[in-house]
Amino acid sequence: MAKKILIIEDEVSLQNSIKDFLLMENFEVVVASDGETGANLVKSEKPDLVLLDVILPKKDGFGVLEDIKADEETKKIPVILLTNLESAEDVDKAFSFGVTAYLVKANYRLEEIVAKIKDILKM
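Residues numbered from 1 in each chain as written. Predicted model: local features only at pLDDT ≥ 70, side-chain atom pairs only at ≥ 80, totals over all residues. Heavy atoms only, no water.

### Concerning the confidence of the model for the protein chain
Put simply, the rule is: Values of pLDDT, ranging from 0 to 100, describe the predictor's confidence in every residue of the model. Numbering of helices and strands runs from the N terminus; a helix is a DSSP stretch of H or I covering at least four residues, while a strand is a stretch of E covering at least two.
A residue-level look at the protein chain finds 100% of positions with pLDDT of 70 or above and a mean pLDDT of 95. For the protein chain, per-element mean pLDDT is lowest for helix α4 (residues 88–96), which scores 93, and highest for strand β1 (residues 4–8), which scores 98.

Here is the structure:
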């Protein structure tokens, strides 16, 4: 059965690139363009993994991450933060909230992001 990935990313071109790449790799993909919608989709869709931006409309990625980790039903879902924020403070904050991986957008190609997802999902 295909693994379900929820992409919470407000930059449409990046959202579509990641989605297309994941679909080619036989993942099921759900997308949200803001944090509030994303947080709701985590609860309703129960994805196998969440790919989460930090700077989002309505609710930032840290708020979404906090929601995911505070909920008994979703707290075990792995979350990869995919962001342009590189400060040690942001990285530390993400890991204190229980993020699985922290990737800086500029440093990773789509193939590497997908490889990281597969690694985390043990595929």
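Read on for the rest.
### Structural notes on the pairing of β1
For clarity, the cut-off: Partly exposed describes any residue whose relative accessible area lies between the buried limit of under 20% and the exposed limit of over 50%, with all areas from a 1.4 Å probe on protein chains only and scaled to the type maximum. Strands are treated as partners if at least two bridges between them are detected by DSSP. By convention, orient the strands away from the viewer: a clockwise path from the first strand over the helix to the second makes the crossover right-handed.
Along β1, five of the five residues are buried, which leaves the element largely enclosed by surrounding structure. Burial along β1 is two-sided: Lys-4, Leu-6 and Ile-8 facing one way and Ile-5 and Ile-7 facing the other are all buried. The pairing of β1 with strand β2 (residues 28–32) spans five bridges and is classified as parallel. When the bridges of β2 are listed, Lys-4 appears paired with Glu-28. With respect to chirality, the unit in which β1 leads through helix α1 (residues 12–24) into the neighbouring parallel β2 is right-handed.

### As for the pattern of salt bridges
This is how it is decided: Definition used for salt bridges: Asp or Glu carboxyl oxygen within 4 Å of a side-chain nitrogen of Lys or Arg.
Counted by the stated rule, this structure contains 12 salt bridges. Salt-bridge contacts for Lys-105 lead to Glu-9; the nearest nitrogen and oxygen are separated by 3.0 Å. Residue Lys-105 is located in the loop between β5 (101–104) and α5 (110–120), and its partner Glu-9 is located in the loop between β1 and α1; the two are separated by 96 residues in the primary sequence. The exposure class assigned to Glu-9 is buried, which follows from its relative accessible area of 2%. Salt bridges here are not isolated pairs; linked through shared partners, they connect Lys-4, Glu-28 and Glu-45.

### Side note on the environment of Ile-7
So the rule is basically this: We call two residues in contact when some of their heavy atoms are within 4.5 Å.
Structurally, Ile-7 can be placed in strand β1. Discounting residues that sit within four places of it in the chain, Ile-7 has contacts with Gln-15, Ile-18, Lys-19, Leu-22, Val-29, Val-30, Val-31, Ala-32 and Leu-51.

### Brief notes about the packing of α1 against α5
Any two packed helices are characterised by the angle at which their axes cross and by the distance between the axes. Quick note on the threshold: To obtain an axis, a line is fitted to C-alpha atoms, over the contacting stretch when the element is a helix, and the angle between two such axes runs from 0 to 180 degrees between their N-to-C directions. Working rule for angles: under 35 degrees goes down as roughly parallel, over 145 as roughly antiparallel, 65 to 115 as roughly perpendicular, anything else as oblique. Whether a crossing is left-handed or right-handed is set by the direction in which the near helix is turned from the far one by less than a right angle, anticlockwise for left-handed and clockwise for right-handed.
One way to put it is that α1 packs onto α5 with a least axis distance of 10 Å and a crossing angle of 55°. By the criterion of interaxial angle, the relationship of α1 to α5 is oblique. Where α1 crosses over α5, the handedness of that crossing is right-handed. Residues Ser-17, Ile-18, Phe-21 and Leu-22 of α1 form the contact with α5, whose participating residues are Leu-110, Glu-111, Val-114 and Ile-117.

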